[in-house]
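Residues per chain are reported as follows:
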Amino acid sequence: MLNDSFGRIHSYLRLAVTDRCNLRCRYCMPDTGVDFKPHHGILTFEEIHRLVSIFSMLGIRKIRLTGGEPTVRKNVSRLVSLISALPGIEEVTMTSNGILLAEAICDLHRAGLRRVNISLDTLRPNRFRAITRRDGIDKVLASIDKALSLNMRPVKLNVVVMRGVNDDELRDFADFAIRKGVTVRFIEFMPFAGNRWQSEYFISSDEIRKRLARAFVLRPLDEENSSSAREWEITGEGTRIGFISPVSDHFCASCNRLRLTVDGALRTCLLNNAEISLRDLLRRGASDEELALSIQASLNAKPASHPGIDGLLKQENRTMIAIGG
Ligand code: SAM
Ligand code: SF4
């Protein structure tokens with residue numbers, strides 16, 4: 001089992017399959033001047049398969065494909081089928097911006113993809129264009145419907161809330177969740193390299209919840225031990241609303257996740273820049289045992305929690321797409 005020095009058991013791996021994206025969300029990446037990893041630096045499907053087989057032997061049970069936008073990686077459904085066939089892997093899921101998902105989701109589902117989280121920060125087409133610097137809200141909405149029609153439930157929507165940008169849509173999102181039967185998760189805006197984080201845009205989960213409570217009766221649900229989202233139910237509707245609070249109230253004590261970046265670096269924390277390159281070890285001919293020992297050594301050094309906002313603002317970190325969100 002992948003135990004760290006604080007007794008946290010790690011069973012969940014977030015896997016960045018690409019650092020490329022077909023959107024340019026303002027809170028995530030700049031419009032131009034992004035340094036993408038060269039193709040030879042990116043893990044091949046065979047390399048990912050080998051690493052995931054080692055992770056599964058060590059106790060990883062759940063894999064989430066992310067990026068960048070995972071659906072822009074060619075033949076990503078082949079990767080899904082490769083890793084979902086590995087013994088020990090119980091669930092393969094994906095976080096997607098939904099632009100290409102409607103066309104890819106049947107293949108992905110057949111290949112073994114069980115659930116999707118879809119990111120959508122506004123329900124207004126003009127605002128969608130302003131936030132993502134691209135068109136395509138109709139495609140995202142179609143992807144949500146398609147995931148629901150395939151019964152890939154719960155379908156979760158990720159909404160990064162920014163003051164003065166989309167915080168006037170909280171109630172619209174809650175109504176949307178009730179109408180569609182999806183779970184909406186409001187995420188606090190986090191600072192990363194190149195995303196121009198400013199405190200004036202930041203709005204805490206607590207404030208979001210209080211504002212929603214003016215329109216809905218919310219009941220806290222029992223916490224799922226390792227979930228990053230604290231979930232509440234809209235009373236009478238059975239709809240769940242989640243709050244992800246990495247900045248105001250981190251969930252590090254119950255963290256069960258590891259991350260593998262697009263270039264094969266193992267990160268034990270999204271917001272702590274320590275990493276080791278499993279790709280380099282693998283390409284130098286390391287055995288499975290050596291790779292497993294490196295994974296465990298990295299986990300032994302995992303800190304109790306990530307830095308607070310002042311530390312985060314001072315820390316050099318990769319961009320979100322280079323880590324894998
Ligand atoms: N492209 C996919 C997507 O957008 O769903 C997957 C990768 S994206 C980096 C993963 C998640 O991170 C998305 O839900 C996105 O909204 C969130 N995210 C990106 N930048 C963020 C930031 N600065 N603060 C909080 N969440 C962020
Ligand atoms: Fe692309 Fe996702 Fe980042 Fe938006 S949040 S730019 S969709 S990787």
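These notes cover the structure that comes with them. Within every chain, residues take consecutive numbers counted from 1 along the sequence as written. Lettering of chains starts at A and numbering of ligands starts at 1, both following the order in which they are written. For a predicted model such as this one, the threshold for reporting local features is a pLDDT of at least 70, and the threshold for listing and counting side-chain atom pairs is 80 or more; totals across whole chains, interfaces and linings nevertheless cover every residue. Side-chain descriptors were evaluated using all non-hydrogen atoms of the structure, hydrogens and water having been removed beforehand.

Side note on the site of ligand 1
For clarity, the cut-off: If a single non-hydrogen atom of a residue is within 4 Å of a molecule or strand, that residue counts as near it. Here a polar contact is recorded for every N or O atom pair within 3.5 Å, except that within protein the pair must consist of a potential hydrogen donor and a potential acceptor, and residues adjacent in sequence are included only if both atoms are side-chain atoms. Residue burial considers only the protein chains on display, and all accessible areas are found by Shrake-Rupley using a 1.4 Å probe. Elements are defined by DSSP. Helices are runs of H or I of four residues or more, strands are runs of E of two residues or more, and each kind is numbered from the N terminus. Side-chain classes follow a simple rule in which Ala, Val, Leu, Ile, Met, Phe, Trp, Tyr, Cys and Pro form the nonpolar group, Asp, Glu, Lys and Arg form the charged group, and the remainder, Gly included, forms the polar group.
Around ligand 1, 20 residues are found, and the nearest of them are Tyr27, Gly68, Ser119, Asn158 and Met190. The side chain of Glu69 places a nitrogen or oxygen atom 3.1 Å from a nitrogen atom of ligand 1. For ligand 1, the accessible surface in isolation is 540 Å², of which the surrounding protein chains cover 96%. Those elements that provide at least two residues to the shell around ligand 1 are β5 (91-96), β7 (156-161) and β8 (183-188). Broken down by class, the residue content of the shell around ligand 1 amounts to 8 nonpolar, 10 polar and 2 charged.

Remarks on the sheet that holds strand β9 (residues 218-220)
For the record, the criterion: One bridge is not enough; two strands pair if DSSP finds at least two bridges between them. Every angle, taken between N-to-C directions, lies between 0 and 180 degrees, and every axis is a line fitted to C-alpha atoms, over only the stretch in contact when it is a helix.
Strand order in this open sheet of 12 strands is β9-β10-β11-β8-β7-β6-β5-β4-β3-β12-β13-β14, and the pairing throughout is mixed. With partners counted over all chains shown, the strands left at the sheet margins are β9 and β14 (275-277), one partner each. When the angles between neighbouring strand axes are averaged without regard to direction, this sheet yields 25°. Bridging between strand β10 (residues 229-234) and strand β11 (residues 239-244) involves 6 bridges; their strand directions are antiparallel. Paired with Arg230 across the two strands is Phe243, which belongs to β11.

Details of the environment of Asp280
We count it as follows: The rule is simple: take the accessible area with a 1.4 Å probe, protein chains only, and divide by the maximum for that residue type; under 20% is buried, over 50% is exposed, in between is partly exposed.
Examined against the element boundaries, Asp280 turns out to sit in helix α8 (residues 278-283). A relative accessible area of 29% places Asp280 in the partly exposed class. A sequence separation of 16 residues divides Asp280 from Gly264, and the C-alpha atoms of the two residues are 7.9 Å apart.

Quick word on helix α7 (residues 205-212)
To be explicit about the condition: Directions from the helix axis toward the C-beta atoms define the arc. Here, residues are in contact when the closest pair of their heavy atoms is within 4.5 Å.
When we look at burial in α7, the residues that qualify are Ser205, Ile208 and Leu212. Considered in projection along α7, the buried side chains sweep an arc of 60° and stay on one side of the axis. Residues of α7 that are buried in the fold lie against β7, α6 (170-180), β8, β9 and β11.

Points about the site of ligand 2
Contacts to ligand 2 come from Cys21, Leu23, Cys25, Tyr27, Cys28, Met29, Gly68, Asn97 and Ile321. Split by residue class, the shell around ligand 2 holds 7 nonpolar, 2 polar and no charged.

A short note on the packing of aromatic side chains
The condition that has to hold: Pairs were defined over the aromatic rings of Phe, Tyr and Trp, the Trp ring being its six-membered one, requiring ring centres within 6.5 Å. Orientation was assigned from the angle between planes: stacked under 30 degrees, edge-to-face over 60, tilted for the rest. The criterion for a charge sitting over a ring is simple: Lys NZ or Arg CZ within 6 Å of the ring centre, and within 35 degrees of the ring normal.
Taken as a whole and judged by the stated rule, the model has 4 aromatic pairs. Here Phe186 and Phe243 contribute two aromatic rings whose centre-to-centre distance is 6.1 Å and whose plane-to-plane angle is 35°, an arrangement assigned as tilted. Placement of the pair is Phe186 in strand β8 and Phe243 in strand β11, with a sequence separation of 57 residues. Judged on exposure class, the residue Phe186 and its partner Phe243 are both buried. Measuring from ring centre to ring centre gives 6.1 Å for Trp197 and Phe202, while their planes differ by 45°; the resulting arrangement is tilted. On the basis of relative accessible area, Trp197 is assigned to the buried category, the value being 14%. A relative accessible area of 17% means that Phe202 is categorised as buried. Ring pairs connect the aromatic residues Phe173, Phe186 and Phe243, which therefore count as one cluster. In this arrangement the basic side chain of Lys62 is found over the ring face of Tyr12, its NZ or CZ atom lying 4.6 Å from the centre. The residue whose ring lies beneath Arg171 is Phe216, and the NZ or CZ to ring-centre distance is 5.7 Å.

Some remarks on the pairing of β7
To be explicit about the condition: The crossover handedness rule: strands pointing away from the viewer, path from first strand over the helix to second strand clockwise, crossover right-handed.
Taken across its 6 residues, β7 has 6 buried, putting it largely inside the fold. Of the pairings in the sheet, the one linking strand β6 (residues 113-119) to β7 comprises 3 bridges and is parallel in character. Following the sheet pairing, Asn117 is matched in β7 by Lys156. Of the strand pairs in this sheet, β7 and β8 are connected by 6 bridges, and their pairing is parallel. Within β8, the position partnered with Lys156 by the bridge is Thr183. For the crossover that starts at β7, traverses α6 and ends in the parallel β8, the hand is right-handed.

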